[in-house]
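Summary of structural features
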Amino acid sequence: MIDRRTLLAAAGTTALLGWPAHAAKPASTKSSSIKVGSFKVTTFTDGHLSLPASMSAPKADAAARTAALKAAGQHGATVASPLNVTLIETGKDKILVDVGSGPRFMETAGKLVESLETAGIDPEKITKIIYTHAHPDHIWGTVNDFDELSFPNAAYYISEAEWNFWMAKDVLTKLPKENHGFAVGAQRNLKAVKAQLTTIKPGKELLPGINVLSTPGHTPGHISLEIGSDKEAIVVLGDALTHPVISFEHPNWQPANDQQPDKAVATRNQLLDKLATDNNRIIGYHLPVPGLGIVERQGTGFKFNQA
Ligand SMILES: [Zn+2]
């Protein structure tokens, strides 16, 4: 009997979509664990995105942008953006923060299930999924090639504002044409888990020791998570801070993928100030693998330290 996984492997991944996929390199399955109180927090790679360098800050001075990218080790017209998915283990729960890109977004991404299985984690044992937002690289891994749930036994959570934005009948009128596919994909994946999904409001505790922070701008209902308390807390940023140099040293630059650019700038500045003051550890979905570090003050600005 041919099982589904053999079939999937034979079918290969379905390449997508507009963005160039050269500069591909083999997916790393490297993961990294830390203890936060009674929680074990680990990041797993979903592979990486391959993006035009200019998207990181289309309106910034080109020479300054090139210098910032170079400072992050990114040379050339295409840059690789890592994908770090966070797993929180509480003893009772196995909670994933976002689910990766799935098979339909980019051939360099969609490796999360493979990364989990390599580490001996059964996708069927994931109990909860918390989405930071509904962009393809965070949510399209909800369903697999066969439109079956990748994490069939989980309860799903998304912010109410995010759900309302993507599920609105007129969502396409609020997006540039090149991002209409984002809405189609968000609806396909969110509808697939509707029966087991709860909408949540930021500003309160979702589960014991896990607080939901409002970090809008990248998308209208974007959230981040604070795990644990006080200085020990670790903040899972999602895409509130996406680049190790640009987001920290040039927070006012506006990446192409921020849907509400001014709001995203305000969120970044508030967040950087808070994180540097509280000295919290952070995990960034697109920060260098494994995504972990801290925010330090540098003159009047900030700096990412991969600690
Ligand atoms: Zn992202």
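Before any of the text, the structure's been laid out above.
Keep in mind that this is a model prediction, so the values were computed, not measured.

**Side note on the overall build of the chain**
For the chain, the helix and strand inventory stands at eight helices and 14 strands. Residues classed as buried in the chain amount to 52% of the 307 residues present. Residue pairs at least 24 apart in sequence account for 69% of intrachain contacts in the chain once pairs closer than 6 positions are excluded. In the form shown here, the chain has an accessible surface area of approximately 13300 Å², with 53% of it arising from carbon and sulfur atoms.

**A short note on the coordination of the zinc ion**
Only D137 (OD), H138 (NE2), D239 (OD) and H286 (NE2) from the protein reach the zinc ion as donors, at distances of 2.1 to 2.2 Å. Each of the four donor atoms around the zinc ion contributes to a set of angles spanning 85 to 169°, which defines the coordination as irregular. If you list the donors of the zinc ion from N- to C-terminus, the spacing comes out as D-H-x100-D-x46-H. In this pair, D239 sits in the loop between strand 11 (234-238) and helix 7 (246-249) while H286 sits in the loop between strand 12 (281-284) and strand 13 (292-298), placing the two residues 47 residues apart along the sequence. For H286, a relative accessible area of 7% translates into the label buried.

**Concerning unusual backbone geometry**
Note that the residue after V289, namely P290, is joined by a cis bond; omega there is 10°. Along the chain, P290 falls in the loop between strand 12 and strand 13. Non-glycine residue D98 carries a positive phi angle of around 75°. Secondary-structure assignment places D98 in the loop between strand 4 (94-97) and helix 3 (112-118). You will see that D147, though not glycine, has its phi angle at about 60°, which is positive. Along the polypeptide, D147 turns up in the loop between helix 4 (136-139) and strand 6 (155-159). Looking at D147, the relative accessible area reads 45%, which means it is partly exposed.

**Regarding the nonpolar core**
Nonpolar side chains in soluble globular proteins tend to end up buried together. Counting 45 residues, the largest nonpolar core has L96, I129, Y131, F151 and W166 as the members making the most contacts within it. Residue assignment for this core shows that the elements contributing at least two residues are strand 2 (39-52), helix 2 (62-71), strand 3 (78-89), helix 3, strand 6, helix 5 (160-167) and helix 6 (180-192). Not counting residues within four places of it along the chain, the set of residues in contact with F151 comprises L96, V99, L112, V113, L116, P123, I126, I129, G141 and Y156. Counting 20 residues, the second largest nonpolar core, distinct from the first, contains I200, I210, I223 and V236.

The rules behind each value
- Residues numbered from 1 in each chain as written.
- Predicted model: local features only at pLDDT ≥ 70, side-chain atom pairs only at ≥ 80, totals over all residues.
- Heavy atoms only, no water.
- Helix = DSSP H or I, 4+ residues; strand = E, 2+ residues; numbered from the N terminus.
- Buried < 20%, exposed > 50% of the residue type's maximum accessible area, 1.4 Å probe, protein only.
- Contact = heavy atoms within 4.5 Å.
- Areas by Shrake-Rupley, 256 points an atom, 1.4 Å probe, with all protein chains shown as cover.
- Donors = N, O, S within 2.8 Å, 3.2 Å for Na, K, Ca; no water.
- Tetrahedral: all angles 85-135°; square planar, octahedral: opposite > 155°, others 65-115°.
- Core = buried A, V, L, I, M, F, W, Y, C linked by side-chain atoms within 4.5 Å.

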